[in-house]
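# Topology and contacts: notes
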Amino acid sequence: MKRVLTGIQPSGTLHIGNYFGAISSIVKMQQECDESIVFIADFHSLTVSPKPDELRERVKGVALDFLSCGLDPEKSIFFRQSDVPAVCELMWILNCVTGVGLLERAHSYKDKIAKGFAPNNGLFSYPVLMAADILLYHANLVPVGKDQKQHLEITRDIAIRFNQEHNAEILTVPEPYIETNVAVIPGTDGQKMSKSYNNTIEIFADPKAARKKIMSIQTDSKGLEEPKDPDTCNIFALYKLFSTPEQQAELAAKYRAGNFGYGHAKQALFEAYMDFFAPMRQRREELKAKPEYIEEILRNGAKRANAIAQESLEQVRKAVGLR
Ligand code: ADP
Ligand code: TRP
């Protein structure tokens, strides 16, 4: 049985880099594995002390966005991390087999310190909570972005160490799944699209705001009549995400022919973007009107997750001598 698990930080409005870099593969994965587990990592968010109301809103927003993008609660167990408190108990037990040195070497921790963050213990032990997230559900495969690779290595170290100490295969050692053939989606300035660079185009932006962002994409200064190179153009790179090979060839020919300005290309991109996300936008409008339905999905997911968690926690408790 192949169990795939991933956690999502509720850290803001989703952009098209997130969609093509992460969400679409999570949605695809649910079709291809035996069991898919997806949760919103709200305990992890506490490490950076968000405002309580903001955190609540963001969790609701992420749930709404993921369900709109195709996460199917029939195929995936979808829940809030904090609705399964067993993860904190497992974390404590794992803390007691985790060397401080292992955590001191974590890049994410070192980066935050280098930026002058006064770290709390939650930030320091963030990878142990992540290990507990994964090991509690005996996940085999964990799709994550490249930045999370080291956290997966720490999880593997912890699981191996625990199993060795207890001389039994109690915890499942997971494999990371890092999609390497996903292109880095460029932002409006041509750098990697990222909320830290203020160059994003949101998936569910109001159409007016999205159009404004698309119209602000940086290009070279070739005049309307000049032929243009689609292969070095940010607009074209984004257009490719939303179009068929035939549509791409058609737009590329217009670029090369001249008398086709970047304004025209941006308009084509805007239309393709709107068409691509139209069904997801529609679903989002429908779901947005039913917050109690989303809540029910998350509660039902938590019920299923708790059942798995109780069973594995029981084995761990027994192994360490708590009972
Ligand atoms: P941001 O850089 O905006 O803060 P996150 O770090 O929260 O984005 O990324 C969440 C997920 O989306 C990760 O799996 C990451 O790999 C993916 N992702 C983010 N930006 C891009 C991008 N420009 N291209 C491809 N994937 C991306
Ligand atoms: N740390 C991950 C991130 O920032 C989110 C996360 C928390 C996670 N727990 C997890 C991802 C378990 C995969 C598995 O993106």
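Residues numbered from 1 in each chain as written. Chains lettered and ligands numbered in written order. Predicted model: local features only at pLDDT ≥ 70, side-chain atom pairs only at ≥ 80, totals over all residues. Heavy atoms only, no water.

### Description of the domain arrangement of the protein chain
- On domain assignment, one finds that the protein chain holds domain 1 (3-185 + 291-320) and domain 2 (205-285).
- Put simply, the middle of domain 1 and the middle of domain 2, counted by C-alpha atoms, are 35 Å apart.
- Opposite the nine residues of domain 1 that make contact, domain 2 presents nine residues.
- Contact between domain 1 and domain 2 buries roughly 880 Å² in total, counting both sides, with carbon and sulfur atoms accounting for 73%.
- Sorting the residues of domain 1 by area buried against domain 2 places Ile16, Phe20 and Ser68 first, and these three jointly supply 50% of that buried surface.
- Taken together, the links from domain 1 to domain 2 amount to one salt bridge.
- Between Asp65 and Arg284 there is a salt bridge; the shortest N-O distance is 2.7 Å.
- Run the count over domain 1 and domain 2 and you get one residue pair in polar contact (both at pLDDT 80 or more). (Domains from an automatic or database assignment. Contact = heavy atoms within 4.5 Å. Buried area = accessible area lost by both parts, 1.4 Å probe. Salt bridge = Lys/Arg side-chain N within 4 Å of Asp/Glu carboxyl O. Polar contact = N/O pair within 3.5 Å; in protein donor to acceptor, adjacent residues only side chain to side chain.)

### Re the pattern of salt bridges
- Under the definition given, this model contains 16 salt bridges.
- The closest approach of N and O atoms between Glu153 and Lys149, which form a salt bridge, is 3.8 Å. Within this pair, Glu153 and its partner Lys149 are both found in helix H9 (residues 149-166), separated by four residues, close to a single helical turn.
- Judged by relative accessible area, which is 41%, Glu153 ranks as partly exposed.
- The class for Lys149 is partly exposed, based on a relative accessible area of 42%.
- One network of salt bridges, in which partners are shared, links Arg80, Asp83, Glu295 and Arg299. (Helix = DSSP H or I, 4+ residues; strand = E, 2+ residues; numbered from the N terminus. Buried < 20%, exposed > 50% of the residue type's maximum accessible area, 1.4 Å probe, protein only.)

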